[in-house]
Every structure is written in C-alpha cells, then in structure tokens.
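# A structural walkthrough
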Amino acid sequence: MQAQRWSEATYEVTWITDLDAVDHRVLPPDPDVLTAIGLSHDLNSAIADLVDNSVDAGATSILIRFVLVDGKPRSLLVVDDGRGMSDSQLDQAMTIGRRRSYEGSDLGHFGMGLKSASFSQADILTVLTRAAEAPGIGRRWSRHTRDFICDVIDSGQAEQALASAGPIANSGHGTIVRWDDVREFPTSDNPAVVDDYISRTTQQIRAHLGTTLHALLEQGKVTVTIDAADVTDGSAGAPQTVEAIDPFGYRRSGARGYPKTLWAEVDHRRIALECHIWPARSEALGFRLGGAAEQYQGLYFYRNRRLLEIGGWKSTAIPHRRLQLARVAIDVSENIDLINMNMEKSAVQPKPSLLRGIEKAQAEDGTSFSDYLRDAESAYKLGNTRNTGRPQVVPPGPGIAPEVKRAILEELPILGGREPVAIRWKRLDNTDFFEVDRRAATLWLNSRYRATVNGDRRSSLNDSPLLKAALYLLLEDIFRGTAFGPRDKDNVELWQAVLSAAAQAEADH
Ligand SMILES: Nc1ncnc2c1ncn2[C@@H]1O[C@H](COP(=O)(O)OP(=O)(O)OP(=O)(O)O)[C@@H](O)[C@H]1O
Ligand SMILES: [Mg+2]
C-alpha cells in the first residue's frame, strides 16, 4: 500500500493507489432503472432502433403501424418478416444489456436497443415472434416491473396475432414489437387532433428513416411502410412508403473535381473521407433534409450502410454558413473502434486520433482537408452570386417526367401555394403546336404532332421529357404572373409561330 499526502494543496487528499477489498456484495439494480434508460431517444430514433433490429434479422418488409381503437391511438407496432426468434433467443432479447455475438454487418451493438428504445416511449413492451417452422411465442415487459419478471404470452394469441400480420403472413416468420401506453400519443377525443398527430408523426418518421436508412433503402433489400389502422371498424389509412433521402444525392457536383477521396492516416490505417460539395442553393430534399441545409454540413458517419449522425464537424472545422455545401461521408464499419457511438445510435464521438487524422487528411492529388473546405466555401460564394435573382417558379406538374421535375426543384425556388403546371396532349382543332390554358394551369400540346415527336417511343403521361422540359423553361413564367400583358402575349405568339412551323417540318420529314 502506498500512501501519499499533498500538503500544499488547498484541500488535503490521501491518495492510496490500490485499495483493498475485504468482502463482496451482490447489488442487483433497482427495477426503477428502467425508467431511466433511453432518455435521449425521441420517437424517431426509438423506432429507428427497432427497425435496426428488423434489418439485423434479415427482414425484407417492415411495417410500422399505429393501431387505433375507437379513433384513438392505442399501440404502435413494428412488424417484420425477419427470421424471428426461438424461445431462448426471445428470453435473451428481452434481457436488458444481454449482448449476443454480432456479425460484422450487424447494426446491433449494445444489447439494449429494444428495451431502451421501447421504454423511452412506452410503458409496456410486447414482443411476439415466430421462427420458420416454429410456433408463435410472446413476452411482455412493463416499465414498472417490480422485480424484472417478464410475462409469457398465451401462445394461441401470439399465433393468432402473427398469422394475420401482413409481412409475416406472407413469409411465415417474423416479429411484432408492440408498444402500449405510448406517452406522446394524444389523448384528445377530437378526430382532427388525432389525424394531425398521425400525419405529422408519419412524415417525421419517414424523413428520419428515409435519411438514416437511405443506403439500405436504395439497395432495395428492404422496404418500410407506415400506416394507421382502426381495429374498431377495420379501416386502415393508405400506407406510406419510406423513400430514401440521400444527403449526398445531388445530380451534378457543386465543384469541379469533387467528390474527392481524402485519406486520413489513423494508427497505421487509412480511412477514406468521401468529400462532397453540393451545388449551391439546391432545393433537393437530400440537401434541405427537412430543415435549413446549413445545419447539416460536416461529417456523416456510416456503419453498415446505416447513417449514424446527420452532419456536424466534431471540431475538425468551425461550422459556418459558407461551409454549408460541404458534406463528408465516412464509413466506419471496419473501424468502429475509432468512434464512440451513443446507445441511441444517433450521435457519434470520433476518437481524438481519428479527428487528428481527418484534419491532416490528403487526397492522392495533394488536396488537403483545408483545401477541401476552401473549395466548398468558394463554391458557395460563387453559387450565391451566380444564382441570386433566380426567380421563384410555378412547380412542374403532371406530364413532366419525375427526373425532370426533380432537376427543376433542385435548381429553382418554388412559389408556394401554386397549382403545378401540367403539360399534356390533346387534339387542338388547328395546326398550332400548343395552347396555354392559364386557368387550368395546363400547357396543352397538339396531339396531332404526338406521334411525330415521340417517334417510335411509346406515348405515355410523362413522354417527351426533353421537349416538355424545354417548354417548361420557355413558358413557365406565363403561368406565374397574375397579369398576362402585351409582352407575354407577343412572346406566346412568337413561340407559337416558330414551334408550329418546326412541328410541321418534323411531321413532313
Ligand atoms: N425484430 C427482431 N427480429 C429478430 N430478433 C430480434 C428482433 N429484435 C430484437 N431481436 C433480438 O433481440 C436482441 C436484443 O435486441 P436489442 O435491440 O435490445 O439489442 P441489440 O440489437 O443486440 O443491440 P443494440 O443495443 O445495439 O440495439 C437482438 O440482438 C436480437 O437477437
Ligand atoms: Mg438493436
């Protein structure tokens, strides 16, 4: 035993390097600990944790369902067609902090998600599951358990619930996670309040899962749908699919030479930093991410194709408006030891060695991390001068191919509350190429030229994307203003004359 005293310090402290143990006590946690776990979850991140488990279980179809009774939300279900669990696996799954052995590709890590996510939102967690060729089984935990005693659910009822659950009914195996007494569910009897809650929450879940799971969704290996069903009258709202929202999904880079891979040297390893520069002033969903793009600059850490945190520089750069186009994707699946992940898997703390590596990272062509940041800043400045004064436009509508619409939305700010302009074909009783119908927000194209324009391609609602894109750019402002002045009129006449002549010439060819 070594004792040392500091007498000069303000307070005296006796420091004994190795303290001796003389006895042992087992101190089981108070069950109240359950009310304290998962506190930094919100509904989105909690549901994401359940979806992670479904993905780990090999699910291809995942349904998130709000169950309503008499018009009021009562439970939330996450149903998957994954491999399900055996009786002993289910016991382990319900055990707090029980880690299984994980595959390199698994999203699970702590053995906590199911419980902490569930109890952060709900007071009762029920899991019903069926492995292939096995009977349905179930367990239930209450957050207010007195002694960690878990209910075993009647297997007949478990079978019944599993047999009728969409994704499981098809595959014959899968899992239902059910939350009751969800704390944030509205208690109001007013159907409008309930409707508003369900639609707002559905949108938030779609945005969150669409972003964090975008890479998995894009691969097409898993689909996630959200719906609400009232068990009283068996009615169900239209299911909404979670679409991928790619925070790197621009169609044209914002700077020449990007994206560029910079390499961070960390403990004799090379970590790839995929450095991207978004085009300035993009209106793309993947850029805005439901908020101000400025918030989402920085590092995007991926683990097994699951996005852990949406941006943030982690002290490798100072966040600034001018850096808003800079986003760096870092896949840490193979180097998970270089980060600390919070238990909710919604925040990442890179280890100091990784942070130093990032600051010193270089590309093969010698570009440094600070060069990259500078390039992102210049792209922002340039884009801002170039694009200022781009007018707000009437949104493109039916008849215009989705790819064209997306490109337009990425480049131009959209006027709110305006009916989208449709571009459609109809027979006009003259040889004009088009007709402007401002009241119906429709640009009609004379269908007598349709075969000529389409050549041997099939006619369809969204046909002739190139022609329609050009016409949208030319004529959109005619639909924008309230006034249709002499100048507009003259322009329309001019375009009509030239385009009709061109259409005739094509037809005669
Ligand atoms: N939907 C599911 N299908 C099949 N097995 C599941 C499902 N959900 C949970 N499990 C099983 O339960 C275990 C515990 O899940 P839990 O989310 O608590 O921890 P984890 O996923 O192992 O780690 P993490 O805390 O990082 O999420 C999982 O490891 C898995 O074996
Ligand atoms: Mg988990």
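Residues numbered from 1 in each chain as written. Chains lettered and ligands numbered in written order. Predicted model: local features only at pLDDT ≥ 70, side-chain atom pairs only at ≥ 80, totals over all residues. Heavy atoms only, no water.

## Let's talk about the overall build of the protein chain
Of regular secondary structure, the protein chain possesses 14 helices and 22 strands. Projected onto its principal axes, the C-alpha positions of the protein chain cover 100 × 65 × 40 Å. Counting the 509 residues in the protein chain, one finds 45% classified as buried. In the protein chain, once contacts between residues fewer than 6 apart in sequence are set aside, the share between residues at least 24 apart is 64%. Taken as a whole, the protein chain presents about 26500 Å² of accessible surface, with 51% of it coming from carbon and sulfur. Placing the 59 positive and 69 negative side-chain charges of the protein chain at their respective mean positions leaves the two points 5 Å apart. (Helix = DSSP H or I, 4+ residues; strand = E, 2+ residues; numbered from the N terminus. Buried < 20%, exposed > 50% of the residue type's maximum accessible area, 1.4 Å probe, protein only. Contact = heavy atoms within 4.5 Å. Areas by Shrake-Rupley, 256 points an atom, 1.4 Å probe, with all protein chains shown as cover. Lys, Arg positive; Asp, Glu negative; His and termini not counted. Charge placed at Lys NZ, Arg CZ, Asp CG, Glu CD.)

## Quick notes on the environment of E103
Tracing the sequence through the fold places E103 in the loop between helix 2 (87–94) and helix 3 (113–121). Sequence-wise, E103 and D508 are 405 residues apart; in three dimensions their C-alpha atoms are separated by 66 Å.

## Describing the domain arrangement of the protein chain
The domains assigned to the protein chain are domain 1 (32–241), domain 2 (260–387) and domain 3 (402–508). Taking only C-alpha atoms into account, the centre of domain 1 sits 32 Å from that of domain 2. The interface of domain 1 with domain 2 comprises 23 residues on the first partner and 13 residues on the second. Counting the surface domain 1 buries against domain 2, the share from its top three residues, L107, F110 and T212, is 29%. Our count for the contact surface shared by domain 1 and domain 2 stands at one salt bridge. Here R306 and D52 are joined by a salt bridge, their closest N and O atoms 2.8 Å apart. Within the residue set of the side of domain 1 that touches domain 2, elements represented by two or more residues are helix 1 (43–56), helix 6 (191–212) and helix 7 (214–219). The element best represented in the side of domain 1 that touches domain 2 is helix 7, accounting for four residues. Residues that form the side of domain 1 that touches domain 2 fall into these classes: eight nonpolar, 12 polar and three charged. (Domains from an automatic or database assignment. Buried area = accessible area lost by both parts, 1.4 Å probe. Salt bridge = Lys/Arg side-chain N within 4 Å of Asp/Glu carboxyl O. Nonpolar A, V, L, I, M, F, W, Y, C, P; charged D, E, K, R; others polar.)

## A few points about the pattern of salt bridges
Where charged atoms from two side chains of opposite charge come close, those side chains can pair. As enumerated under the stated definition, the model contains 24 salt bridges in all. In this structure, D227 engages R65 in a salt bridge whose closest nitrogen and oxygen atoms are separated by 2.8 Å. Of the two residues, D227 is situated in strand 9 (residues 223–230) and R65 in strand 3 (residues 61–69); the sequence distance between them amounts to 162 residues. D151 is paired through a salt bridge with R140; the nearest N and O atoms lie 3.1 Å apart. Remark: R140 occurs in strand 6 (residues 137–142) and D151 occurs in strand 7 (residues 151–152); sequence separation between them is 11 residues. By relative accessible area, which is 33% here, D151 ends up partly exposed. R140 sits in the partly exposed class, given a relative accessible area of 35%. Each of D87, D91 and R139 takes part in a single network of salt bridges with overlapping partners.

## Looking at the sheet that holds strand 16 (residues 326–331)
Sheet architecture is open: six strands sit in the order 15-14-16-13-12-19, paired in mixed fashion. Only two strands of the sheet have a single partner each, and these edge strands are strand 15 (306–309) and strand 19 (362–363). When strand 13 (residues 269–277) meets strand 16, the two strands line up antiparallel, connected through four bridges. Across the sheet, I277 pairs through a bridge with A326, a residue of strand 16. Packing of helix 9 (residues 352–359) onto the sheet brings it into contact with strand 12 (260–266), strand 13, strand 14 (298–303) and strand 16, and relative to strand 12 it is tilted by some 135 degrees. (Pairing = 2+ DSSP bridges. Axes fitted to C-alpha atoms, helices over the stretch in contact; angles between N-to-C directions.)

## Regarding the packing of aromatic side chains
Given two aromatic rings, one states the distance between the centres and the angle between the planes to describe the pair. Applying the stated criterion across every chain, the model contains 12 aromatic pairs. Judged by centre distance (6.0 Å) and plane angle (45 degrees), the ring pair of F369 and Y372 falls under tilted. Taken together, the residues F369 and Y372, both in helix 10 (residues 369–387) and three residues apart, mark about one turn of the helix. Judged by its relative accessible area of 0%, Y372 falls in the buried class. Centroid distance F433 to Y449: 5.7 Å. Interplanar angle 45 degrees. Geometry classified as tilted. Note that F433 is positioned in the loop between strand 20 (422–426) and strand 21 (434–437) and Y449 in the loop between strand 22 (442–446) and helix 12 (450–454), a separation of 16 residues in sequence. Among the residues examined, F433 registers a relative accessible area of 4% and is labelled buried. (Phe/Tyr/Trp six-rings, centres within 6.5 Å; stacked < 30°, edge-to-face > 60°.)

## Here we look at the nonpolar core
Core analysis: the largest hydrophobic core is formed by 47 residues, its most contacted members being I47, I64, F66, L125, W179 and L209. Residue contributions to this core peak at seven residues, all from helix 1. Those residues in contact with I64 that sit more than four places away from it in its chain are I47, V51, L76, L77, V78, I205, L209, V224, T225, I226 and D227. Residues C275, A326, I330 and V332 belong to the second largest nonpolar core, which totals 40 residues. (Core = buried A, V, L, I, M, F, W, Y, C linked by side-chain atoms within 4.5 Å.)

## What about helix 3?
Here helix 3 lies mainly inside the structure; nine of its nine residues are buried. Against the buried residues of helix 3 lie helix 1, helix 2, strand 5 (122–130), strand 6 and strand 8 (174–182).

## Focus on unusual backbone geometry
At the junction of Y258 and P259, the peptide bond is cis and its omega measures out at 5 degrees in the coordinates. With respect to the element layout, P259 can be found in the loop between strand 11 (240–241) and strand 12. Even without a glycine there, the phi angle at E133 is positive, about 60 degrees. Here E133 lies in the loop between strand 5 and strand 6. The class for E133 is exposed, based on a relative accessible area of 83%.

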